[in-house]
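This is what each chain is made of:
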Amino acid sequence: MSNFVMLDYIHETQEAALGILEKRAEICGEFAHDFAAGKYGRVLLTASGTSYNSCVTAKYYMEKMLRVPCETITSYAFAHYDKTFYPDTDLVIAVTQEGESTNTIDALTKANSLGIDNFVVTEYLNNTCTQTAKKKVTIDCGREFVGPKTKGYTCTVLTLFLMALEAAKARGYVDEAAYGDNVARLGSVLRNIDPVIEKTKTWFEAVREEFVKCEKCYVLGYGANVGTAMEGALKSMETVRYPYFWFETEEFLHGPLASVKPDVYTVLIAPRTYGYERANALFKIMHDQNPHVYSIGVQDGVESDHVLDGGFVDDEDFSVFEYAIPLQLLAYLTYTARGIDLQVRNYPRTREALPTKAKPLQR
Ligand SMILES: O=P(O)(O)OC[C@H]1O[C@](O)(CO)[C@@H](O)[C@@H]1O
């Protein structure tokens, strides 16, 4: 397993995610019980890197289920920025796959010092964050021994969604029927991950030659898929090692659009849900004028190799679980096509000059 590459973990995602869905009551029980006690008026989601992007993706569904504001804040800002806290009614959820990110440890330490209730959402290991946090929820997907996390991202987002769903059930915000409907819809979307993987691989063959030349890219999405765009851009920055950046699609129209020179690639995340009509209009108008515009998701009225029809379920709440997959694969397939060796680090001395982990990766 330690020889696994990013692609192997992408392939493990569906099974791991369905396992988490199955065990949701056990995994999220303590959190649901505590939340149902009714004390919390705000949730603060704090994390770094991919774990932070998971929080951005999960926050809207969490707000819908928990009926309180769920704010995202990077671990460093939480630990050091002078924000207003409400220790009696705030709940901190720190998210960290490996549990050794120094800023997340600092954030939990600060939550403790302020007397704010906190949970850490992390993998199995007894890591520094589990030792610091008051309580823990496990990301029950096994380990991931590569830098660019994929399975862990999807399973972290899923764990956050299920914490919220289980808490909503315990609090009486969703009845049995609504709960069952959410679980069934989630199951349909998660069972579509493997088919999406295969469709994306086939699609990539058509765009491979173009993508290996990509050196600047914007990834755009709406709503919860802004988190997907952030994570998709991060995956390619970590692996392809060129600037990939993300925008909410509407914010992209407020200035960044002007910077789309002929060599800039644009990837739209376009589920047939929230924002679809605007994404469709934007794709059509840009595709006519720029050679490097792509869509993850069908585009009405357009027949083009640049459109990935992934056979998506397009569930209004759960599309984030399908649309992250093509972006993860795009990163993997592009960096391997370019022959990039991830073992050769850029700026290796920064690790020592600015440590970000309390302990090296435990195996
Ligand atoms: O989720 P964790 O373990 O806190 O890690 C945060 C980030 O740090 C890294 O391990 C490296 O910077 C990323 O892969 C990860 O997204």
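Every chain's residues receive numbers from 1 upward, in the order its sequence appears when written. Per-residue local features are limited, in this predicted model, to residues with pLDDT of at least 70; the limit for side-chain atom pairs, both in listing and counting, is 80 or more; totals at the level of whole chains, interfaces and linings are taken over all residues. Hydrogens and water are ignored here; the side-chain numbers use all heavy atoms of the structure.

(A) Focus on helix α5 (residues 102–114). A run of H or I in DSSP becomes a helix once it reaches four residues, and a run of E becomes a strand once it reaches two; helices and strands are each numbered from the N terminus. Expected span of a helix, by definition, is 1.5 Å for each gap between consecutive residues, and there is one gap fewer than residues. Given a rise of 1.5 Å per residue, 13 residues ought to cover 18 Å, and the 18 Å separating the end C-alpha atoms of α5 matches this to within 8%. Among the residues of α5, T104, I105, A107, L108, K110 and A111 are the ones counted as buried. Contact definition: two residues touch when any of their heavy atoms are within 4.5 Å. Close packing links the buried residues of α5 with β1 (42–47), α4 (75–80), β3 (90–95), β4 (117–122) and α6 (128–132). Immediately beyond the C-terminal end of α5, within one or two residues, lies G115, with a positive phi of roughly 75°. Only protein chains enter the accessibility calculation, which uses a 1.4 Å probe; a residue is then buried when its area is under 20% of its type maximum, exposed when over 50%, and partly exposed in between.

(B) Structural detail: the sheet that holds strand β10 (residues 307–308). Spatially, the 5 strands line up as an open sheet ordered β7-β6-β8-β9-β10, and their pairing is parallel. Strands with a single pairing partner mark the edges of an open sheet, and in this sheet they are β7 (244–248) and β10. Here the rule is simple: two strands pair whenever DSSP picks up at least two bridges between them. When strand β6 (residues 217–221) meets β7, the two strands line up parallel, connected through 5 bridges. Looking across to β7, one finds that G221 is bridged to E248. Taken strand by strand, helix α12 (residues 276–287) contacts β6, β8 (265–269), β9 (293–296) and β10, and its axis lies near 155° from that of β9. Interaxial angles span 0 to 180 degrees and are taken between N-to-C directions of axes, which are lines fitted to C-alpha atoms, for helices over the stretch in contact.

(C) Representation of the UniProt feature "domain: SIS" (unreviewed entry) in the protein in the model. UniProt records the feature "domain: SIS" (unreviewed entry) at residues 31–178, using the numbering of this structure. Along residues 31–178 the backbone is 49% helical and 18% strand, and the end-to-end C-alpha distance reaches 20 Å. UniProt positions are given in the numbering used here, feature names are shortened, and annotations may be inferred rather than shown by experiment.

(D) Layout of the side chain of S295. As for its placement among the helices and strands, S295 is situated in strand β9. Classification of S295 as buried rests on a relative accessible area of 0%. Separated by 2.6 Å, the side chain of S295 and the backbone oxygen of G297 make a polar contact. Engagement of the side chain of S295 in a polar contact is seen with the side chain of Q299, the distance being 2.9 Å. For S295, the residues in contact, after removing those within four places along its chain, are L268, A270, F283, H306, V307 and L308. Pairs of N or O atoms are called polar contacts if they sit within 3.5 Å, as long as, within protein, a hydrogen donor faces a hydrogen acceptor (for residues adjacent in sequence, only side-chain-to-side-chain pairs).

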